[in-house]
Amino acid sequence: MLQEERVLRIKSLLDEYARMSTDQLAQALAVSRETVRRDILELEAQGLLRRVHGGVVATTARLEPPFLERQRLHSREKRAIAQAVLPLLTPGQTLFLDAGSTTGMLAEVLPSVPDLTVITNSVMIAMKLASAAPPGRGACSVILLGGRPYADVQATYGAATVNEIARHHADVAVLSPVGLTAEQGATSYEHHEAAVAEAMVRQSKRLYVLADYSKVGVASRVTYAPAADIDVVFSNRKNGDEREWRQLRKAGAKLVLA
């Protein structure tokens, strides 16, 4: 395989997975690690990826895969992250949840924390919580935000959604970004998704960001929360990008590894 072909293949793989190890790239291309390293240096010089411990991450915005596919990607890691959030929640709190795939996982375990009020633009999350337990003492209270429905993610967006968020005040906004870096903060691919997330951050006392290792070190198109505004980042132990973690901690974020 010529270098031009290898470079195109690496770019294609990073469009799909965002983060890959050197060994994974060498196996996918059927070449040696040394050959992959030379290609990585070429792509880094073009600003198309960034080297991290053991591999590379994409640095350019990429089209998000469909929501159902995002739910399947890294599902085990996302479930572990969801469980890690629970000890930092307190009965009686009010939470904002966006329509991310990891916050969807969190909705499955939230009923174990009594007397929560959850405000969300996700129809899926609202229905999960509403059907988890009958109304009564200790049950989760759910508020589904209005707005323009988007069928692909089963959620509401737009000016009406943002305006309705402004009527509420939450203890914590729990959000799942497309990418997370110390330089760009929490980022989203779609402007309407970023607008809703930004409004939730604005109306909350604290911000919890749920980002599995494939999102760390990756910046998407629109920043909705700078790193300095993030109180806690929940991720997992497979991430080897210690430089990014140091920078996030320096910005003031606490790190919780699932």
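Attention here is on the structure that accompanies the text. (Residues numbered from 1 in each chain as written. Predicted model: local features only at pLDDT ≥ 70, side-chain atom pairs only at ≥ 80, totals over all residues. Heavy atoms only, no water.)

## So, the sheet that holds strand β3 (residues 55-58)
Within the open sheet, the three strands sit side by side as β1-β3-β2. Their pairing is antiparallel. The open sheet has two free edges, formed respectively by β1 (19-21) and β2 (49-52), since each of these has just one partner strand. The mean angle between the axes of side-by-side strands here comes to 25°, regardless of whether they run parallel or antiparallel. In the packing of helix α2 (residues 22-29) onto the sheet, the strands contacted are β1 and β3, and the crossing angle to β1 comes to about 85°. (Pairing = 2+ DSSP bridges. Helix = DSSP H or I, 4+ residues; strand = E, 2+ residues; numbered from the N terminus. Axes fitted to C-alpha atoms, helices over the stretch in contact; angles between N-to-C directions. Contact = heavy atoms within 4.5 Å.)

## Some points on the pairing of β3
Alternating residues of β3 divide into G55 and V57 and V56 and A58, and every residue in both groups is buried. Inspection of the sheet shows β2 paired to β3 by four bridges, in the antiparallel sense. Bridge assignment links L49 to a residue of β3, and that residue is A58. Here β2 folds back onto β3 in antiparallel fashion, the turn holding two residues, of which G54 has a positive phi close to 85°. (Buried < 20%, exposed > 50% of the residue type's maximum accessible area, 1.4 Å probe, protein only.)

## A look at the pattern of salt bridges
Counting across every chain of the model gives nine salt bridges. D23 serves as the salt-bridge partner of R33, at 2.2 Å between the closest nitrogen and oxygen. In this pair, R33 is assigned in helix α3 (residues 33-45) and D23 in helix α2, connecting sequence segments 10 residues apart. Take R33: its relative accessible area is 34%, and that puts it in the partly exposed class. The exposure class of D23 is partly exposed, given its relative accessible area of 44%. Taking the shortest distance from any N to any O, the salt bridge between K128 and E108 comes out at 3.1 Å. Taken together, the positions of K128 in helix α7 (residues 123-132) and E108 in helix α6 (residues 101-109) put the pair 20 residues apart, joining distant regions of the chain. (Salt bridge = Lys/Arg side-chain N within 4 Å of Asp/Glu carboxyl O.)

## Digging into the sheet that holds strand β11 (residues 185-188)
Hydrogen bonds along the backbone pair up the strands of a sheet, which may run parallel or antiparallel. Strand order in the open sheet formed by three strands is β10-β11-β13, and the pairing between neighbours is antiparallel. With one partner strand each, in any of the chains shown, β10 (179-181) and β13 (222-225) form the two edges of the open sheet. Within this sheet the neighbouring strands show an average axis-to-axis angle of 35°, counted without direction. As judged from the three bridges shared by β10 and β11, these two strands associate in the antiparallel manner. Each residue of the ladder has a partner; that of L180, found in β11, is A186. Packed on one face of the sheet, helix α9 (residues 191-202) meets β11 and β13 and runs near 15° to β13.

## Side note on the environment of S101
Within the element layout of this structure, S101 appears in helix α6. Classification of S101 as buried rests on a relative accessible area of 6%. In the structure, S101 is positioned 26 residues away from S75 in sequence and 8.8 Å away in space, judged by C-alpha atoms.

## What about α6?
The element α6 is extensively covered by neighbouring structure, given that eight of its nine residues are classed as buried. Buried within α6 are the following residues: S101, T102, T103, G104, M105, L106, A107 and V109.

## Overview of the packing of aromatic side chains
When we look at a pair of aromatic rings, we describe it by the centre distance and by the angle of the planes. Going through the model one piece at a time under the given rule, you end up with two aromatic pairs. Between Y150 and Y157, the aromatic rings sit 5.2 Å apart at their centres with planes inclined by 85°, giving edge-to-face as the arrangement. Ring geometry for Y208 against F234: centres 5.5 Å apart, planes inclined by 65°, an arrangement best described as edge-to-face. With Y208 in strand β12 (residues 204-210) and F234 in strand β14 (residues 232-235), this residue pair connects regions lying 26 residues apart in the sequence. Of the two residues, Y208 and F234, both sit in the buried class. We note R221 situated over the ring of Y189; from NZ or CZ to the ring centre the distance is 4.0 Å. (Phe/Tyr/Trp six-rings, centres within 6.5 Å; stacked < 30°, edge-to-face > 60°. Lys NZ or Arg CZ within 6 Å of the ring centre and 35° of its normal.)

## Considerations on helix α10 (residues 242-251)
Three or more residues of α10 are buried, namely E244, W245 and L248. For α10, the angular spread of the buried residues around the axis is 100°, confining them to a single face. Away from its buried face by more than 90 degrees, α10 exposes R246 and K250. In this structure, the buried residues of α10 make contact with β2, β10, β14 and β15 (254-257). Backbone geometry just after α10 places G252 at a positive phi near 115°. (Arc of directions from axis to C-beta.)

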